[in-house]
Amino acid sequence: MLLSRVLDIFGVILLWLLLRSSFCHGVESDINCLKSIKNSLEDTFGYLNSSWNFDNKTEGFICKFTGIECWHPDENKVLNIHLSDMGLKGQFPRGIANCTSLTGLDLSNNKLYGSIPDDISKLIGFVTTLDLSSNNFSGTIPRLLSNCSYLNVLKLDHNRLTGQIPPELTLLGRLKQFSVANNILTGQVPNFGKDITADAYANNPGLCGGPLDACQASPKKSRTVIIVASAVGGVTFAALAVGVGLAFFFRRVAVSMFEKSVTKMRLSDLMKATNNFSKDNIIGSGRTGTMFKAVLDDGSSLMVKRLQESQHSEKEFLSEMATLGNVRHRNLVPLLGFCMAKKERLLVYKLMPNGTLHDRLHLVEEGGKPMEWPTRLKIGIGAARGLAWLHHNCNPRIIHRNISSKCFLLDADFEPKISDFGLARLMNPIDTHLSTFVNGEFGDLGYVAPEYTRTLVATPKGDVYSFGIVLLELVTGERPTHVAKAPESFKGNLVEWITQLSGNSELRDAIDKSLVGKGVDSELFQFLKVACSCVVPTAKERPTMFEVYQLLRAIGEKYHFTADDEILLPSDSGDADGLEELIVAREELKSN
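Predicted model only: the values in this text are computed from it and were never measured.

Inspection of the secondary structure assignment puts Asp-359 in helix H8 (residues 357-362). One buried charged residue, Asp-359, remains without a salt bridge, the closest side chain of opposite sign being Lys-406 at 7.2 Å. A distance of 3.1 Å separates the side chain of Asp-359 from the side chain of His-358, its partner in a polar contact.

Read from one edge of the open sheet, six strands run S2-S3-S5-S7-S9-S11, paired in mixed fashion. Looking along the sheet, the strands with just one partner apiece sit at the ends: strand S2 (68-72) and strand S11 (177-179). Taken over all neighbouring pairs, the strand axes of this sheet differ in orientation by 25° on average, direction set aside. Where S2 and strand S3 (residues 75-82) come together, four bridges link them in antiparallel fashion. In the strand pairing of S3, His-72 is matched with Glu-75.

The final tally for this structure, using the stated rule, is 11 aromatic pairs. Taking the centre distance of 5.2 Å and the plane angle of 85° together, the rings of Phe-54 and Phe-65 count as edge-to-face. A residue pair is termed long-range when its members are at least 10 positions apart, and Phe-54 in the loop between helix H3 (47-51) and S2 and Phe-65 in the loop between H3 and S2 qualify at 11 residues. Grouping aromatic residues by their ring pairs yields a cluster made of Trp-52, Phe-54, Phe-61 and Phe-65. The ring of Phe-277 has Arg-306 sitting right over it, with the charged end atom 4.3 Å from the ring centre. Here Arg-508 stacks its cationic end above the ring of Phe-525, 3.8 Å away from the centre of that ring.

Let's shift gears to the environment of Lys-305. Among the structural elements, Lys-305 can be located in strand S18 (residues 301-307). For Lys-305, a relative accessible area of 0% gives the class buried. For Lys-305 and Arg-345, which are 40 residues apart along the polypeptide, the C-alpha to C-alpha distance reads 8.4 Å.

A separate point is the packing of helix H9 (residues 373-392) against helix H15 (residues 545-555). The geometry of H9 relative to H15 is characterised by a closest axis approach of 8 Å and an angle of 155° between their N-to-C directions. Taken together, the axes of H9 and H15 lie roughly antiparallel to each other. Crossing of H9 over H15 shows left-handed handedness. Residues Leu-377, Gly-380, Ile-381, Ala-384, Arg-385, Leu-387, Ala-388, His-391 and His-392 of H9 pack against Met-545, Phe-546, Val-548, Tyr-549, Leu-552, Arg-553 and Ile-555 of H15. When grouped by side-chain class, the residues that make up the contact of H9 with H15 number 11 nonpolar, three polar and two charged.

This next bit is on the sheet that holds strand S8 (residues 136-139). One open sheet accounts for seven strands, arranged S1-S4-S6-S8-S10-S12-S13; its pairing is mixed. On the outer flanks of this sheet lie strand S1 (42-43) and strand S13 (206-208), each paired with one strand and no other. With two bridges connecting them, S8 and strand S10 (residues 160-163) associate as parallel partners. Along S10, the bridge assignment pairs Ser-138 with Arg-160.

Here we take up the environment of Ala-412. Positionally, Ala-412 belongs in the loop between strand S22 (408-410) and strand S23 (416-418). Relative accessible area serves as the criterion here: at 55%, Ala-412 is assigned to the exposed category. A C-alpha to C-alpha distance of 7.1 Å links Ala-412 and Met-352, two positions 60 residues apart in sequence. Sequence-distant contacts of Ala-412, that is, excluding residues within four places in its chain, are made with Pro-353 and Asn-354.

Overall, the coordinates contain 14 salt bridges when judged by the stated rule. The salt bridge involving Glu-168 is made with Arg-143; its shortest N-O contact spans 3.1 Å. Note that Glu-168 is positioned in the loop between S10 and S11 and Arg-143 in the loop between S8 and strand S9 (153-155), a separation of 25 residues in sequence. Residue class for Arg-143 comes out partly exposed when judged on its relative accessible area of 34%. Two residues, Arg-143 and Glu-557, come together in a salt bridge whose shortest N-O distance is 3.1 Å. Highlighted residues: Arg-143 in the loop between S8 and S9 and Glu-557 in the loop between H15 and strand S24 (581-583), separated in sequence by 414 residues. Overlapping salt bridges bring together Arg-143, Glu-168 and Glu-557 as one network.

Enumeration over the complete set of coordinates arrives at three disulfides. The disulfide bridge from Cys-33 ends at Cys-99, spanning 2.1 Å between sulfur atoms. Here the S-S torsion is close to -105°, and the disulfide linking Cys-33 with Cys-99 is therefore left-handed. One end of the pair, Cys-33, is in helix H2 (residues 26-40); the other, Cys-99, is in the loop between strand S4 (88-90) and strand S5 (104-106), and 66 residues separate them in sequence. Note on accessibility: Cys-33 and Cys-99 belong to one class, buried. The partner cysteine of Cys-63 in its disulfide is Cys-70, sulfur to sulfur 2.2 Å. Disulfide Cys-63 to Cys-70: torsion about the S-S bond roughly -105°, handedness left-handed. Using a relative accessible area of 12% as the deciding quantity, one classes Cys-70 as buried. Indicated for the chain is the disulfide connectivity 1-4, 2-3, 5-6, based on numbering the bonded cysteines in sequence order.

Here is what the cut-offs are and how they apply
- Residues numbered from 1 in each chain as written.
- Predicted model: local features only at pLDDT ≥ 70, side-chain atom pairs only at ≥ 80, totals over all residues.
- Heavy atoms only, no water.
- Helix = DSSP H or I, 4+ residues; strand = E, 2+ residues; numbered from the N terminus.
- Buried < 20%, exposed > 50% of the residue type's maximum accessible area, 1.4 Å probe, protein only.
- Lys, Arg positive; Asp, Glu negative; His and termini not counted.
- Salt bridge = Lys/Arg side-chain N within 4 Å of Asp/Glu carboxyl O.
- Polar contact = N/O pair within 3.5 Å; in protein donor to acceptor, adjacent residues only side chain to side chain.
- Pairing = 2+ DSSP bridges.
- Axes fitted to C-alpha atoms, helices over the stretch in contact; angles between N-to-C directions.
- Phe/Tyr/Trp six-rings, centres within 6.5 Å; stacked < 30°, edge-to-face > 60°.
- Lys NZ or Arg CZ within 6 Å of the ring centre and 35° of its normal.
- Parallel < 35°, antiparallel > 145°, perpendicular 65-115°, else oblique.
- Left-handed = near helix turned anticlockwise from the far one by under 90°.
- Contact = heavy atoms within 4.5 Å.
- Nonpolar A, V, L, I, M, F, W, Y, C, P; charged D, E, K, R; others polar.
- Disulfide = S-S within 2.5 Å.

These figures come from the coordinates and say nothing about function on their own.
Below, the structure is given as structure tokens:
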């Protein structure tokens, strides 16, 4: 409580210092700001024409204007603009950008129309209060409002706004009052927490979720999706089955299909494909076993996971194969087959040609080219989509538990695939409370949620924290436990560095320099803020994986990485703590 109070006071002092630093530039610009507002709006009641006289050149003369509050009565520096209920008519006055130290703007109860500017954060970046209620604004709510990071009050009610409420608005960490009631908005409302009640969304029949009624997927669409998914899955599986079946048939390999999901393979064929599990074929190793590259006689490549000390009986192992073989999603590494021979337990996966995200980010050869921003954004969105599906739509629900940049494999098109989901149950069938950790293993260093060492229980919000670290890696290019750009005196990890920069209002300095200045700076900062929201210390304050996916998807909208029908509606509140879950065992993939 005391820390929160101190941080609030520090934020106010910091804002004051930032605004004071622009005073020397502001006197003339603030006069031009008010001139522009007066010229751009129709003053139907004559309030501005009777009060706003620019012929007076005395110091602080604009501070006597109706509706204007200055930092000091003898200084032409505008602090707040209150023009409520003045009969003003026109569009949003863009000239307001010249009031560079403005902290409050109230244009409510007028006749303003048109859209709210998409770049509004560039016009009023320091405001703490914005009231545009009771006008005739139309169009969508700008996503970049989330860049007005000092906002405490945002009122947009009683307008004609349409579309969805941007999920990015949840990044407004100081927001205490929010209202979009009496508009024409649709879709799921963002998760602002308990402070924002149902009244904030009243009389928008298309809104759902949060404090409102739960969102319902269209039954017709749901059936269509199921049918299409089944058809596509059937065709894909048939192609795999025929291809693998013919190959093994002509090599006289006995192949049996298991519940039409994964293929049972012979140990001798896998030994031949891995050159008797040669060390030269090792891709990675960890507590659960070793991953080998396997090359079949026809030249096709696979990955073979050789499990260590599996305690499952043959019947139990087959049951797990039935479960894991049916867990399929475009952003999961597909399980193609398995092998049982005495104590040997092997899993066969599709090979991902571009390796791990970790290696692509951190093991760039000298003179090599770092990944471009669109590729990084595509990876972030795809990874979030896969994890959101595991958390919210998969049956049974799966908590990954050991997320790191090493567990995301990249296919030929740099589409991310999540690896090693479900291995904990293969390693420890006695662990019936499926959200507890196995043998005290918490995950890779630098990715572990702070509450895990206290609770020893894995949760969806713990996955969100770990994924937030991966997002920070993507946007900063830094490793979780070592920050190359930090001063030599800095001894902390990546999250601690980000926290320090944020406290000094230097968060933008964290962004990978190879990405800056290429016309995507706004996307980079939005992405960074999403990552920061995932790694807050308190688990309940983190977004769900569904919300993370929606935030990232909105940032990458112009790239068309996703289709409209890929929007997931979580079938629960998102915490999933009481649901049946699979836990992923730790896996440390090493470089080739």
